[in-house]
2 protein chains.
Amino acid sequence: MSSTSESPIFNNIRVVLCQTSHPGNIGSTARAMKTMGLNRLYLVRPKHFPDGEAKSLAVNAGDVLDHAVVTQTLEEALADCQFVIGVSGKERSLSQQVMTVREAAQEVKAVASHSEVALVFGTEMSGLSNAEADRCHVLATIPANPEYTSLNLAQAVQVMCYETRMAVTTGELHYQEKPVELATQEDLERFYEHMREVLEHIGYINPRAPKKLFERLRRLYGRTRLEKEEVNLLRGILTLTVNPKKHSKY
Amino acid sequence: MSSTSESPIFNNIRVVLCQTSHPGNIGSTARAMKTMGLNRLYLVRPKHFPDGEAKSLAVNAGDVLDHAVVTQTLEEALADCQFVIGVSGKERSLSQQVMTVREAAQEVKAVASHSEVALVFGTEMSGLSNAEADRCHVLATIPANPEYTSLNLAQAVQVMCYETRMAVTTGELHYQEKPVELATQEDLERFYEHMREVLEHIGYINPRAPKKLFERLRRLYGRTRLEKEEVNLLRGILTLTVNPKKHSKY
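Residues numbered from 1 in each chain as written. Chains lettered and ligands numbered in written order. Predicted model: local features only at pLDDT ≥ 70, side-chain atom pairs only at ≥ 80, totals over all residues. Heavy atoms only, no water.

Novice: Talk me through the packing of aromatic side chains; I want residue IDs and the actual numbers.
Specialist: Considering all chains together, one arrives at five aromatic pairs over all chains under this definition. Their ring planes at 65 degrees and their centres at 6.3 Å tell us that Tyr221(A) and Tyr221(B) sit as a pair that is edge-to-face. Of this pair, Tyr221(A) sits in helix H9 (residues 211–222) while Tyr221(B) sits in helix H9 (residues 211–222), on two different chains. The class of Tyr221(A) is buried, set by a relative accessible area of 5%. An aromatic cluster is built from Phe191(A), Tyr192(A), Tyr221(A), Phe191(B), Tyr192(B) and Tyr221(B), whose rings are joined through pairwise contacts. (Phe/Tyr/Trp six-rings, centres within 6.5 Å; stacked < 30°, edge-to-face > 60°. Helix = DSSP H or I, 4+ residues; strand = E, 2+ residues; numbered from the N terminus. Buried < 20%, exposed > 50% of the residue type's maximum accessible area, 1.4 Å probe, protein only.)

Novice: Go over the side chain of Arg218(A), please, and point to the residues and values.
Specialist: Residues and elements named next belong to chain A. On the secondary structure map, Arg-218 appears in helix H9. Under the relative-accessibility criterion, Arg-218 is labelled buried at 13%. In terms of polar contacts, Arg-218 uses its side chain to reach the side chain of Glu-189, at 3.0 Å. Leave out the neighbours within four places in its chain, and Arg-218 touches Asp-134, Arg-135, Glu-189 and Tyr-192. (Polar contact = N/O pair within 3.5 Å; in protein donor to acceptor, adjacent residues only side chain to side chain. Contact = heavy atoms within 4.5 Å.)

Novice: Any chance you could break down the packing of helix H8 (residues 185–201) of chain A against helix H10 (residues 228–242) of chain A for me, citing the residues and the numbers?
Specialist: Residue and element names in this part refer to chain A. Interhelical geometry of H8 versus H10 gives an angle of 20 degrees and a closest axis separation of 10 Å. Judged by the inter-axis angle, H8 sits roughly parallel to H10. At the point where H8 passes H10, the crossing takes the left-handed sense. Between H8 and H10, the contacting residues are Asp-187, Leu-188, Arg-190, Phe-191, His-194, Met-195, Val-198 and His-201 on the first element and Lys-228, Val-231, Leu-234, Arg-235, Leu-238, Thr-239, Thr-241 and Val-242 on the second. Residue classes in the contact of H8 with H10 are distributed as eight nonpolar, four polar and four charged. (Axes fitted to C-alpha atoms, helices over the stretch in contact; angles between N-to-C directions. Parallel < 35°, antiparallel > 145°, perpendicular 65-115°, else oblique. Left-handed = near helix turned anticlockwise from the far one by under 90°. Nonpolar A, V, L, I, M, F, W, Y, C, P; charged D, E, K, R; others polar.)

Novice: An account of the sheet that holds strand S5 (residues 98–100) of chain B is needed here, citing residue identities and associated values.
Specialist: Residues and elements named next belong to chain B. Taking strand neighbours across the sheet as the criterion, the seven strands line up as S3-S2-S1-S6-S4-S7-S5 in an open arrangement whose pairing is parallel. The sheet is open, and its two borders are formed by strand S3 (69–71) and S5, each paired with just one other strand. Across this sheet, the average inter-strand angle for adjacent strands is 30 degrees, counted without regard to direction. Judged from the three bridges that link them, strand S4 (residues 83–87) and strand S7 (residues 138–141) form a sheet pairing that is parallel. Residue pairing across strands places Ile-85 opposite Val-138, the latter belonging to S7. Contacting strand S1 (13–18) and strand S2 (40–44), helix H1 (residues 23–35) crosses the sheet at an angle of about 155 degrees to S2. Lying on the sheet, helix H5 (residues 101–112) is in contact with S1, S4, S5, strand S6 (117–121) and S7; it crosses S5 at an angle near 100 degrees. (Pairing = 2+ DSSP bridges.)

Now the structure itself:
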């Protein structure tokens, strides 16, 4: 699947489609990806797949479909990812960081040289759900006509993949950023779960209605792109919050 | 057809499709144009038009189809144009100026404020013919995977119109981001001080040698660009870490 002349960065980037209804859009997505040098497609609970129409619209990008990974949940599709970008046309009142796809592509370029990156797209009808958006570290938006923002799914994929290619193949940085190991989505989910337990323990959130405050905390840490080691530091604090060391001077 | 909030520049730009075979691509083109603020579509000898499939794929951009101008020749479609850009995936040996669509979009922006501009696209199968390319003042190319450059017609239109919009609006998002109040340096220092006290309290850092771990935490929160409100959330956690609520269930 890898091509000789292309940047290895492309191999660290996956496109994730959530619950796609029309198989034609899956085929068009494969074609859009391949024209921009991307090959790794993940499908979360697609309505129809494999499918003849998908194959037909993929034209010569059938290999992308052949290697597509189908999962039952978004969590599975993201488990080993260190940076997750949700592409969304919706206006959201959430305090999650929002940037343009052009800005997001620069982040993708910076991170994908050493880490796994996911570009996540929602359904044709309503885009990313709030629960799906919560799994993303940042949201990327395609600037559009405010009176008609409704891009077709495969066209949104085309624009995001195009911007990614433009970022990766031009304007290379003249220095090497120190490679750090970012936390995976799985690390983060364990950390969030740990945090929730501790925050309930200290009475910060009500176990029966924890939603709002906790979501804000998820968003805060989500946009930070935590390193593996930093997650360990934070979990060390959580552990000691519940069981302080005996030699504490207080 | 014109929208109130959009730049008048968009009204001086037309998309011209040459001899399109599949009416679905005409519909998808209308949708792609409208999402990017363009409204004026010219169709040179389309195989089928008007057409139900075009209408269906245009979704809510039916008005672009309703106002489309059908001509028998490319010359007619370009008669009153002052700047003509051919969008082409082909490599050409012609001496015509070739640029990326991003560069071309900057030219479009400069010219379309006072003159009529056309973005011309060829057929699905073979793109612009040499005769059609000769009618264009410059050729614009979409950077693509050298091993698979074949963008779908409507997706090529999407990318060109997107770049045009990015150039004209200088990449503004279509909504106002909620203004958030970031924490001041003073807020942060108070937060760090509070955190240090609490981490000593729970035995996470040694009051006599706190330096290294604590610096890492500062760095983590420092890069996050915390909002004022988020600092308050985090300090709420710190306060409860030392004095859990009495009704804590543990």
